[in-house]
Amino acid sequence: PPLRTVDATLAVGSSSGSAYYTPPDETFTRPGRTWWPLGDRDRFAVWAEQTTVFHEGVPGHHLQLGQTRVLGDRLSRHQRVGGVAGHAEGWALYAERLADELGWFDTPGRRLGMLKGSALRAARVVIDIGLHLGLPLPAAEARRHGPRWTFEVATEVLRDRGRIAPHRLHPEVVRYCGWPAQATAYKLGERAWLAARDEARTRLGAGFELKRWHTNALALGPVELDALPTALRAAA
């Protein structure tokens, strides 16, 4: 019951380009909240934002991080208030994909919003790795932008390839520059969650039940990606 409320809150004056989530406190005196930065907007397009609801809310971060609060002392305090970026953001991307598998994007436009988000996540993996390792741009991009990554080139590529909203563009690239590998952790985490689910389905056969698997998986709390497959096998 304490998790049945998740607030949607306008982040007035925020410098963040992207929506973000804050979990309930440990005694549930404060609800979980999804925060939407305004940017230059006074209206929000549902087709582009529904996938954010599934990522930040349910079945994404609110369900995942809220579960650690519900479990209380069955997890260590470090597990309740700490986290692993690949595990948490991987689950949230998995939650978007799960929503698609369950048919929750109920119009073509809303599903297009989910695919638009996927394009952004793919583009920023290339930017994150290329920028921090000093790698050359892919040939097609090099012909348009030059051979090497810079802040300005990353901004142009994210704008053109990531289909990102204008108000998000600059804060996103600042984030990639100041937080190496965080953007890549999303996709690595999603792949780890999908691989673990596929392994459980194969191993358990007719005994695999998706709801029970999700419950057991979230009850583990945050887990490093290298240890996730073994931990999930034990939980099943």
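What you see is a predicted model; the values in this text were computed from it and never measured.

Rules and cut-offs
- Residues numbered from 1 in each chain as written.
- Predicted model: local features only at pLDDT ≥ 70, side-chain atom pairs only at ≥ 80, totals over all residues.
- Heavy atoms only, no water.
- Pairing = 2+ DSSP bridges.
- Helix = DSSP H or I, 4+ residues; strand = E, 2+ residues; numbered from the N terminus.
- Axes fitted to C-alpha atoms, helices over the stretch in contact; angles between N-to-C directions.
- Contact = heavy atoms within 4.5 Å.
- Expected span 1.5 Å × (residues − 1).
- 1 Å grid on protein atoms, 1.4 Å probe; cavity = no way out; pocket = protein on both sides within 12 Å on 5 of 7 lines; lining within 4 Å.
- Points joined across faces, edges and corners; volume = space filled by probe spheres on them.
- Nonpolar A, V, L, I, M, F, W, Y, C, P; charged D, E, K, R; others polar.

Caption draft 1: View of the sheet that holds strand 3 (residues 32–37). Strand order in this open sheet of three strands is 1-3-2, and the pairing throughout is mixed. Each edge of the sheet is formed by a strand with only one pairing partner; in this case those strands are strand 1 (6–11) and strand 2 (20–22). Each neighbouring strand pair of the sheet contributes to a mean axis angle of 30°, computed without reference to strand direction. Bridge count for strand 1 against strand 3 is six bridges, and the pairing is parallel. Note that in strand 3 the partner of V6 across the bridge is G32. Sitting on the sheet, helix 1 (residues 46–56) is in contact with strand 2 and strand 3, with an inclination near 150° to strand 3.

Caption draft 2: Structural view of helix 5 (residues 108–133). Between its first and last C-alpha atoms helix 5 spans 38 Å; for 26 residues at 1.5 Å apiece the expected length is 38 Å, and the two agree. Residues of helix 5 that are buried make contact with helix 1, helix 4 (85–101), helix 7 (151–161), helix 8 (166–178) and helix 9 (182–204). Downstream of helix 5 by a residue or two, G134 has a phi angle that is positive, lying close to 65°.

Caption draft 3: Region of the structure containing the layout of surface pockets. Of the volumes computed, that of the largest pocket is approximately 1100 Å³. What lines the largest pocket is a set of 49 residues, and nearest its centre among them are S18, A19, Y20, E56 and R175. Looking at side-chain class alone, the lining of the largest pocket contains 20 nonpolar, 14 polar and 15 charged residues. Volume-wise, the second largest pocket comes out at about 290 Å³.

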